[in-house]
Amino acid sequence: MQVSNGQCRRKPDGVPVHYERRCPDETTLYRLVQEHAATFFAQAEAATEAHLPRFVKDEFDAFLECGILAHGFLRLRCGDCGHDKLVAFSCKRRGFCPACGARRMAQTAAHLVDHVIPAVPVRQWVLSLPIPLRLVLAAQPQWLTPVLRVVHRVIRRHLLGQAGLKADEADAGAVTLIQRFGSAANLNIHLHCLVLDGVYRRRTEGAPEFVPVPAPSDAALQAVLHTIIVRTMKLLTRQGALIEEQGQTWLADIDGESDEARSLKALQAAACTYRIALGARAGQKVLTLQGAKPRDGSFRQALCADIEGFSLHAGVRCEAHERQALEQLCRYITRPALASERLQLNAAGQVVLRLKTPWRDGTTHVVMSPLEFMQRLAALVPRPRLHLIRFHGVLAPNARLRAQVVAQAVPPADQAVPPTECEGSGTPHRPTRPGWARLLKRVFDLDLEHCPNCGGTLSIIAAILEPAPIEKILTHLGLQARAPPRSPARRDARHAA
């Protein structure tokens, strides 16, 4: 019997990718959460005199069960040779689990390219916000929807102007992916908008016509960003999220805010400003290491506008035929907040996080104590039922032109709907998200749906959930039958740093 729920190990060029069973309890991230989560909860509750929100604690608990066979698994068997395989359950959370984040990344990218984004040029518009607005949208996520409406309306008007068409003659389309983190595990809410690089002109008969537009000039990009800023600030001021007095703008206090929300807001504010929220070093900046040469301060990206802390970048474009490049771009945008290979402990027991790319000042690593790192993880957890992918214009779910515009990929033969279900019923086939095995086949060219011994099909024969059979099977296989123990809160949690 084989045990699975694994990961892919990249090999040098020309060598096939190797698949190994994932052992989350052997990673640095798992051991940190296992040893320090309870102490962090006690520290946060002692410092703020309030409990952390339940969804934050559930995120930590679910992560410690993700991929652990002792918490249950599926049993697969080959009908031809009897080969068995065990697959552990995953937490499927959206906070900081690298494995579930990688699965969601590949799944979302495949779905967008196959079933949502049509075969037309696509330009990425990235809107970065000042730190105060990042905190506003983190603490009050209900403002994300109206802010996104403002952003899409301004970009849509720009595209219509470039095409020489009016609002009643054509419409634009976009998919916005809300990214909540930076490379230093900091809280950085910014918007990645995959905008169709043109507009669809309506026709009285037949399918709409796509009209491409030229790339925006630097002056046009500056004007678009200025309009977004003015309208966004007016919107948030009118809605009460901001207060404007004597030419100054302030963050408004939230009336009726619960103790749990205030305790989380303190963590979010520190994570937004690269500071420490709790402990002996509260309020101080995190330690950084500079291992690269600082970049020239005069360097300026192409097609990038910056105004008073806002930034708008539109320099990345995928042509209509570059579907693989578009899928890679979608994966980059939807990547998980943390990568296990960038996390390690130094000799002093501190957490060293290697940045994906060096900062302008040459910073390559961020150093935190384990409890300071727990604070970052808690701030990254999104609220339940908060949609991080939004659709606009012709790609919106209820748009009139959506059925004529969105990509309609033909499902593979082994995923095809039986004729009795799709023919003659008048109901089109609804695309389904690909499973993990199909994603690995697509991304790494690994086939996990078939038996490695005889090539037969592996089928699920049982879901093992009860402790007694779990322990019996794992003991028989010589595997760890008990879940890794969690360290209790230390007595000095009140003053822990």
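Residues numbered from 1 in each chain as written. Predicted model: local features only at pLDDT ≥ 70, side-chain atom pairs only at ≥ 80, totals over all residues. Heavy atoms only, no water.

Draft legend 1. Local environment of the sheet that holds strand 7 (residues 170-171). What the 3 strands build is an open sheet, ordered 7-10-11; its pairing is antiparallel. With one partner strand each, in any of the chains shown, strand 7 and strand 11 (209-212) form the two edges of the open sheet. When strand 7 meets strand 10 (residues 198-201), the two strands line up antiparallel, connected through 2 bridges. Bridged to Asp 171 within strand 10 is Tyr 200. Along the sheet face, helix 5 (residues 144-163) touches strand 7, strand 10 and strand 11 and points at about 75° away from the line of strand 10. (Pairing = 2+ DSSP bridges. Helix = DSSP H or I, 4+ residues; strand = E, 2+ residues; numbered from the N terminus. Contact = heavy atoms within 4.5 Å. Axes fitted to C-alpha atoms, helices over the stretch in contact; angles between N-to-C directions.)

Draft legend 2. Quick peek at the nonpolar core. Judged by nonpolar contacts, the single largest core of 99 residues is most densely connected at Val 33, Phe 40, Phe 60 and Phe 373. Not counting the four nearest positions on each side in its chain, Phe 373 is found in contact with Leu 29, Leu 32, Leu 338, Leu 343, Val 351 and Met 368. Val 120, Cys 318, Ile 333 and Val 406 belong to the second largest nonpolar core, which has 23 residues in total. (Core = buried A, V, L, I, M, F, W, Y, C linked by side-chain atoms within 4.5 Å. Buried < 20%, exposed > 50% of the residue type's maximum accessible area, 1.4 Å probe, protein only.)

Draft legend 3. Quick peek at the packing of aromatic side chains. Under the defined criterion, the tally for this structure stands at 8 aromatic pairs. Relative to Phe 60, the ring of Phe 40 has its centre 6.2 Å away and its plane inclined at 35°; by these criteria the two rings are tilted. With Phe 40 in helix 1 (residues 28-48) and Phe 60 in helix 2 (residues 54-65), this residue pair connects regions lying 20 residues apart in the sequence. Phe 60 sits in the buried class, given a relative accessible area of 0%. Site record: aromatic cluster; members linked through ring pairs are Tyr 30, Phe 40, Phe 41, Phe 60, Phe 63 and Phe 96. When the ring centre of Phe 41 is taken as reference, the NZ or CZ atom of Lys 57 above it lies at 5.8 Å. (Phe/Tyr/Trp six-rings, centres within 6.5 Å; stacked < 30°, edge-to-face > 60°. Lys NZ or Arg CZ within 6 Å of the ring centre and 35° of its normal.)

Draft legend 4. Spatial organisation of the pattern of salt bridges. What the rule picks out here adds up to 16 salt bridges. Its salt-bridge partner being Arg 317, residue Glu 319 comes within 2.5 Å of it at the nearest N-O pair. The closest approach of N and O atoms between Glu 327 and Arg 331, which form a salt bridge, is 3.0 Å. Of this pair, Glu 327 and Arg 331 both sit in helix 8 (residues 323-333), 4 residues apart, roughly one helical turn. (Salt bridge = Lys/Arg side-chain N within 4 Å of Asp/Glu carboxyl O.)

Draft legend 5. How the structure looks around the confidence of the model for the protein. When pLDDT is averaged along the protein, the result is 84; 83% of the residues meet or exceed 70. Taking the mean pLDDT of every element in the protein, the minimum, 36, falls on helix 11 (residues 419-422) and the maximum, 97, on strand 6 (residues 122-128). Under a pLDDT of 50 for its full length, residues 409-429 has, in the predicted model, 10 contacts with residues more than four places off or in other chains. (pLDDT = per-residue confidence, 0-100.)

Draft legend 6. View of the sheet that holds strand 6. Reading across the sheet, the 6 strands line up as 15-16-6-9-8-20 and stay open at both edges, with antiparallel pairing between neighbours. Each edge of the open sheet carries a strand with a single partner, namely strand 15 (304-307) and strand 20 (389-393). Sheet twist, expressed as the average angle between the axes of neighbouring strands with direction ignored, equals 20°. Note: strand 15 against strand 16 (residues 310-318), 4 bridges, orientation antiparallel. Across the sheet, residue Cys 304 finds its bridge partner in strand 16, namely His 313. Contacting strand 6, strand 15 and strand 16, helix 6 (residues 218-238) crosses the sheet at an angle of about 40° to strand 15.

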